[in-house]
Amino acid sequence: MKKIIILLSVFCVGCKTQSVMVKPTGLVVDKAMVVSAREEASKIGVEIMNKGGNAFDAMVATELALAVAYPYAGNLGGGGFMVYRKANGETGTLDYREKAPLAATKDMFLDDKGNVIKGKSTTTALAIGIPGTIAGVFEVHKKLGSLPIEEILKPVIELAERGVIVTNKQEKRLNEYRNELIKINGVNSLLSTVFKENDTIKYPALAATLRRISKNGRDEFYKGETAKILVQYLQEKGAIITMEDLAKYEAKWRTPLTFKYKDLKIISMPPPSSGGICLAQIFKMIAPYDLEKMGHNSSKSIQVIVEAERRAYADRSYFLGDPDFVKIPLKALMADDYLKQRMANFNFDKATLSSDIKEGNVNYNESTETTHYSIVDQFGNAIAATTTLNAGYGSKYYCDALGFFLNNEMDDFSTKPGEPNMFGLVGNEANSIAPQKRMLSSMTPTIVEKNEKLFMVVGSPGGSTIITSVLQTILNVYEYSLSMQEAVNAPRFHHQWLPDLITFEPNTFDTKTFDILKSKGYKINEKTTPVIGKVDAILVLPNQTLEGGADFRGDDKAVGF
């Protein structure tokens, strides 16, 4: 009898039953939902599903509507990642990340002495990688879409022609970036103009570009008139992207990175995203600790999470890059024994110093200004997609003839091993520049299953803080029983190995927590930081309705039916 009791208790370790249904605080709908950075984009995605389209049709519409309504990060001139789970449980991921041009070289951002030339990888035309967004949405549509592309793009084109009303936050962002936009594009460029809250910005050039793409398909962007206009513009500005670069670009289906955390199955993005692997490492390192008992955002739970983050980001810096170019020891990095050994020198009395943490011994970058959206359709399909230009408005190069900004994604390569990029992320040889190579990313679109059923769709912008924002949102729901909206609203913190600082959202944590952490040797950064993540997520409630979590830190909005 004793044996049976022991077996049962072992079997139930890590199971978590929520007997009481947490009261939802976000939008709840019965059938389908889109949560994105702008209400206009969420509405268009939902409109497509209302017409009988599926989540994949809605993805195409939402992604391109964000290029109109949210040019800060939504784009035609950038790229992204998508994770999906079909109603039958089948999963997959699509990589439509930008690539380095054929003429790119390893040392293209260094001077004669081998030092990084400040600004060359962020604010010159050489910073622009080959865009992947249009290839991505057409690839999704070809494989999984159901409505004609013309029908999907129609409301997006209408939005560009009708125009988008400027929000308070958008006015502030345009003001903040105006000098940079004028410096690169001149005073007559569309977004160099002064726009105030409640003004309407119309995008006729973007509408014309989308109309050509709607008529001629994917090749319009990569081989057609649009490609010719784009390459001429880029070369005038000093970029090295050619017609051949565009013609060679392909989006790529990859095998999802999946792992278990207690009774959850987490499905995330594999390299060249560092998101899934870092998430897996952190979840596995914190699994032995009882976070629920420690309490939400308590000094103890912060310590455990920070120490796991510190070790995962050290590994990220050393091992990760484009898997088509470098061998990545994924299995070894996710092995339980390895991660147990990584946490072996952690104790609650004293902070581990990042200078004492190097990459682990195993055998064998990115934007504050990205945008994420989550979709669940009426058929039970789910999509988590994150797309980016890298910095806010990307490279700031705006092609007025085509109506969109171009990325400055080349900065996400390691321009020189050991040198931090604009987000302070340090890279190594694995992420060095090479022609046709995809740069490492932190984007972490993620889908969570519980008991083999869809449980959560989640993701965030925020450069290096994306991974930690996704992690904390999942923990907030699962360990701390917050509603989806509460989980998204909750204050966040972040550590990325180097610099050796815990960054907290300003004015959201109590000073007692800081005092305890400081007494153990932790360095605290609570100065005005950019927002730590901007999560848009969907939770499937026990009664199978959907709760949206739209981040109040932006103009984000959940829409559904």
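Definitions and cut-offs
- Residue positions within a chain follow its written sequence, with the count starting from 1.
- For a predicted model such as this one, the threshold for reporting local features is a pLDDT of at least 70, and the threshold for listing and counting side-chain atom pairs is 80 or more; totals across whole chains, interfaces and linings nevertheless cover every residue.
- As a convention, hydrogens and water are excluded, and side-chain values are obtained from all of the structure's heavy atoms.
- UniProt positions are given in the numbering used here, feature names are shortened, and annotations may be inferred rather than shown by experiment.
- Note on conventions: DSSP H or I runs of at least 4 residues are helices, E runs of at least 2 residues are strands, and numbering of each starts at the N terminus.
- The definition of a polar contact used here is a pair of N or O atoms within 3.5 Å, where within protein one atom must be able to donate a hydrogen and the other to accept one, and adjacent residues in sequence count solely through side-chain atom pairs.
- Exposure is judged per residue with a 1.4 Å probe applied to protein chains only, and the accessible area is read against the type maximum: over 50% gives exposed, under 20% gives buried, and values in between give partly exposed.
- Residues are treated as being in contact if the distance between any of their heavy atoms lies within 4.5 Å.
- Strands pair, by our definition, only if DSSP identifies at least two bridges between them.
- Helix axes are fitted to C-alpha atoms over the stretch in contact, other axes to C-alpha atoms as well, and angles between N-to-C directions run from 0 to 180 degrees.
- Here the angle decides the label: under 35 degrees means roughly parallel, over 145 means roughly antiparallel, 65 to 115 means roughly perpendicular, and every other value means oblique.
- A clockwise turn of the near helix away from the far one marks a right-handed crossing, whereas an anticlockwise turn of less than a right angle marks a left-handed crossing.
- Any residue outside Ala, Val, Leu, Ile, Met, Phe, Trp, Tyr, Cys, Pro, Asp, Glu, Lys and Arg is labelled polar, Gly included; the first ten of those are nonpolar and the last four are charged.
- Note that the domain bounds were set by an automatic or database domain assignment.
- Buried surface area refers to the total accessible area, computed with a probe of radius 1.4 Å, that the two partners give up upon joining, counted for both partners together.
- Here, a salt bridge means any side-chain nitrogen of Lys or Arg that lies within 4 Å of a carboxyl oxygen of Asp or Glu.

1. Let's talk about the UniProt feature "binding site: L-glutamate" (unreviewed entry) in the chain
And then number 1: Mapped onto this numbering, the UniProt entry gives "binding site: L-glutamate" (unreviewed entry) at Arg97, Thr388, Leu389, Asn390, Asp412, Ser441, Ser442 and Gly463.
And then number 2: The residue Thr388 is located in strand E11 (residues 382–388) in this model.
And then number 3: Within the secondary structure, Ser442 sits in the loop between strand E13 (404–405) and strand E14 (446–450).
And then number 4: Polar contacts involving the side chain of Ser442 include one to the side chain of Arg316, which spans 3.1 Å.

2. Topic: the side chain of Gln303
And then number 1: Tracing the backbone shows Gln303 in helix H13 (residues 299–319).
And then number 2: Residue classification places Gln303 among the buried positions, given a relative accessible area of 1%.
And then number 3: In this structure the side chain of Gln303 is engaged in a polar contact, spanning 3.1 Å, whose partner is the backbone oxygen of Phe348.
And then number 4: Setting aside its immediate chain neighbours within four residues, Gln303 contacts Phe346, Asn347, Phe348, Leu517, Lys520 and Tyr522.

3. Notes on the UniProt feature "active site" (unreviewed entry) in the chain
And then number 1: UniProt feature "active site" (unreviewed entry): in the numbering of this structure it lies at Thr370.
And then number 2: Within the fold, Thr370 resides in strand E10 (residues 370–376).
And then number 3: Classification of Thr370 as buried rests on a relative accessible area of 0%.
And then number 4: Apart from residues lying up to four places away in sequence, Thr370 is in contact with Ala73, Thr386, Thr387, Thr388, Met443, Pro461 and Gly462.
And then number 5: Polar side-chain contacts of Thr370 include one of 2.9 Å to the side chain of Thr388.

4. As for the pairing of strand E20 (residues 546–550)
And then number 1: With five of five residues buried, E20 is to be regarded as a mostly interior element.
And then number 2: Where burial is concerned, the two faces of E20 agree: the one with Leu546, Gly548 and Ala550 and the one with Glu547 and Gly549 are both buried.
And then number 3: Where strand E1 (residues 28–29) meets E20, two bridges bridge the pair, whose relative direction is antiparallel. Bridging across to E20, Val29 finds its partner in Leu546.
And then number 4: As paired strands, strand E19 (residues 536–540) and E20 are joined by five bridges and run antiparallel to one another. Following the sheet pairing, Ile538 is matched in E20 by Gly548.

5. Regarding the packing of helix H11 (residues 275–286) against helix H16 (residues 466–478)
And then number 1: Two elements in contact, H11 and H16, have axes separated by 10 Å at closest approach and are oriented at 45°. Between H11 and H16, the crossing angle belongs to the class labelled oblique. In this structure, H11 meets H16 at a crossing whose hand is right-handed. On the side of H11, the interface is formed by Gly275, Cys278, Leu279, Ile282, Phe283 and Ile286, while H16 contributes Ile467, Val470, Leu471, Ile474 and Leu475.
And then number 2: When the residues that make up the contact of H11 with H16 are grouped by side-chain class, the tally is 10 nonpolar, one polar and no charged.

6. Here we look at the domain arrangement of the chain
And then number 1: Looking at the assigned domains, one finds that the chain contains domain 1 (39–253 + 396–437) and domain 2 (254–366 + 444–560).
And then number 2: Listed per partner, the contact involves 40 residues of domain 1 and 40 residues of domain 2.
And then number 3: Roughly 3100 Å² of surface becomes buried between domain 1 and domain 2 when both sides are summed, with 57% attributable to carbon and sulfur atoms.
And then number 4: Contact with domain 2 buries area across many residues of domain 1, yet Val83, Arg85 and Leu425 alone supply 21% of it, more than any other trio.
And then number 5: For the interface between domain 1 and domain 2, the tally reads three salt bridges.
And then number 6: Notably, a salt bridge pairs Glu449 with Arg85, separated by 2.7 Å at the nearest N-O pair.
And then number 7: If you look at where domain 1 meets domain 2, you find nine residue pairs in polar contact (both at pLDDT 80 or more).
And then number 8: Broken down by secondary-structure element, the contributors of at least two residues to the side of domain 1 that touches domain 2 are helix H2 (39–50), strand E3 (79–85), strand E4 (91–96), helix H6 (168–185) and strand E7 (252–254).
And then number 9: A class-by-class count of the residues in the side of domain 1 that touches domain 2 yields 15 nonpolar, 13 polar and 12 charged.

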